[in-house]
There are 4 protein chains.
Amino acid sequence: MPLRVSTVEFRVRYAETDQMGVVYHANYLIWCEIGRTDHIRTMGTPYRDIEKQGITLAVSEAAMRFHASARYDDLIRVETTLTSVTSRTLVFDYVVKNAESGERLATVSTTLISLDPDGRVTAMPAELRAKLSSVASDAA
Amino acid sequence: MPLRVSTVEFRVRYAETDQMGVVYHANYLIWCEIGRTDHIRTMGTPYRDIEKQGITLAVSEAAMRFHASARYDDLIRVETTLTSVTSRTLVFDYVVKNAESGERLATVSTTLISLDPDGRVTAMPAELRAKLSSVASDAA
Amino acid sequence: MPLRVSTVEFRVRYAETDQMGVVYHANYLIWCEIGRTDHIRTMGTPYRDIEKQGITLAVSEAAMRFHASARYDDLIRVETTLTSVTSRTLVFDYVVKNAESGERLATVSTTLISLDPDGRVTAMPAELRAKLSSVASDAA
Amino acid sequence: MPLRVSTVEFRVRYAETDQMGVVYHANYLIWCEIGRTDHIRTMGTPYRDIEKQGITLAVSEAAMRFHASARYDDLIRVETTLTSVTSRTLVFDYVVKNAESGERLATVSTTLISLDPDGRVTAMPAELRAKLSSVASDAA
């Protein structure tokens, strides 16, 4: 059985800081995408192979709450779970932490919708949906 | 009386697109910051002068909803309003549009908190709060 | 006759600063692309229309020299010239300045190569090359 | 004896791609900074500790040559060497490769200058220079 929480770690890049001396907030969405890519990989089909099948998963909603700051060279951990799978949508939740102190930096949730090559909302193929459900925390 | 809605326009940069051929979603937070900077400027004190006074306004929450895609070289318009001012927090709302078609691309809301030079939450100086209230849609 | 130098202005975004309090150096390449887009537009065919014809112009070389720093909210001016046009390559030169003080911040040169849809180097269509030559400082 | 070449690996982020379907060229400068941070760490003093001593190392020149494209989710390897150390400058060279195929994607060289807290060029402290020389390929 695949893991239901994926954990990925990396260090803060200098380019990600701003003049406040901390990580600029938009970068957390990029970090969540790293967690999401990693979590999808655990189901056995990397996201890039999904796109080759003509399905793109686009972010349609995001909610972010920031608790503490990340700084240059900090080791960051993103814990990702897939909390909802429907025929056209996926909801991923993320906790972003300082990997060394364990401090929680941000909690994020994103909703993704399934699009066809023309950018129209479309149902995911049954096989893909089944695979995604297999790594969901609460499979629909 | 200052305008209560600020409008700023710019073109999509190539660097902002991704391999889907549309703008990567995290860039909308950067665009909202452009709108916010512009809106704060209308109250008579640019944001960089606020930071020189030892107050930083950090994003503590963000909620984003995506309606349509932006593409390279599209002319983008961000309409920004300041919808809430308390002693320690500000809420800005944004509508991101395609400036040529008028199509709504995203609606975003961000909450900012006032921090002192040590990164602790602090009340904004009365004068700053009064100025911000003067450009708020619904001054507290 | 089209202008041989294009000038574009914009303000530094908060996201473009780093913890040194100045603009992170990689952003200058993005700024040069804004200047390049603008310069290509003056020849009458926007770059996005060139891509629709199946030609992409990819950066193959870049040389950058930094003279002074840019800071948040500074008004930046990029002056772009097209200094060389061959069947397969273009060389653009850029001077990045602080628009208010006139101070020179960076000088950059980029070489672009013409690629077909499969990513292979290809000669530019004669018509495109002629148009580009018309806005070059020293038409080949 | 410390290693004279540092090697760091990471995967291409979706945000780093552009509408050509490949990595946007400015990101290679960010990747080189990851290699540089890693290489400096091998000398025993992380870069963030250098900044705490009041010295910042700012990029003053960069030269980049692109050989092949990187794509989303590719595993990237950056090999970094420090090829010159003077009292005020450092030259780092980088080879960016596809870690799985071994294909060379880009070769980059950056010159860094030592700045004091006011942004003026300054000689590096002797101890710092000695440490940097110890990880240089060709110590001055």
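Quick caveat: nothing in here was measured; it's all calculated off a predicted structure. (Residues numbered from 1 in each chain as written. Chains lettered and ligands numbered in written order. Predicted model: local features only at pLDDT ≥ 70, side-chain atom pairs only at ≥ 80, totals over all residues. Heavy atoms only, no water.)

(A) Local environment of the sheet that holds strand 5 (residues 104-115) of chain C. One open sheet accounts for 10 strands, arranged 1(C)-3(C)-4(C)-5(C)-2(C)-2(D)-5(D)-4(D)-3(D)-1(D); its pairing is antiparallel. Of all the strands in the sheet, the pair left with one neighbour each is strand 1 (6-11) of chain C together with strand 1 (6-11) of chain D. Each strand axis lies, on average, 25° off the axis of its neighbour in the sheet, ignoring direction. As judged from the 10 bridges shared by strand 2 (residues 56-66) of chain D and strand 5 (residues 104-115) of chain D, these two strands associate in the antiparallel manner. Each residue of the ladder has a partner; that of Glu61 of chain D, found in strand 5 of chain D, is Thr111 of chain D. (Pairing = 2+ DSSP bridges. Helix = DSSP H or I, 4+ residues; strand = E, 2+ residues; numbered from the N terminus. Axes fitted to C-alpha atoms, helices over the stretch in contact; angles between N-to-C directions.)

(B) The relation of the copies chain A and chain B, seen in detail. Expressed as a screw operation, the relation of chain A to chain B combines 0.0 Å of axial shift with a rotation of 180°, fitting to an RMSD of 0.0 Å. The operation mapping one copy onto its partner corresponds to a two-fold rotation axis. Ranked by how close their C-alpha atoms come to the rotation axis, the residues of chain A are headed by Ala63 of chain A, at 2.2 Å. In this assembly, 100% of the residues forming the interface of chain A have copies in chain B that are likewise at the interface, indicating an isologous arrangement. (Least-squares fit on C-alpha atoms with pLDDT ≥ 70 in both. Contact = heavy atoms within 4.5 Å.)

(C) Up close: the interface of chain A and chain B. Across the boundary between the two partners, chain A contributes 22 residues, which contact 22 residues of chain B. Buried area between chain A and chain B, summed over both chains or domains, comes out near 1,800 Å², and the portion from carbon and sulfur atoms is 58%. In this structure, the salt-bridge partner of Arg65 of chain A is Glu61 of chain B, at a minimum N-O distance of 3.5 Å. Residue assignment for the side of chain A that touches chain B shows that the elements contributing at least two residues are helix 1 (27-41), helix 2 (47-52) and strand 2 (56-66) of chain A. Residue contributions to the side of chain A that touches chain B peak at 11 residues, all from strand 2 of chain A. Classifying every residue of the side of chain A that touches chain B gives 13 nonpolar, four polar and five charged. (Buried area = accessible area lost by both parts, 1.4 Å probe. Salt bridge = Lys/Arg side-chain N within 4 Å of Asp/Glu carboxyl O. Nonpolar A, V, L, I, M, F, W, Y, C, P; charged D, E, K, R; others polar.)

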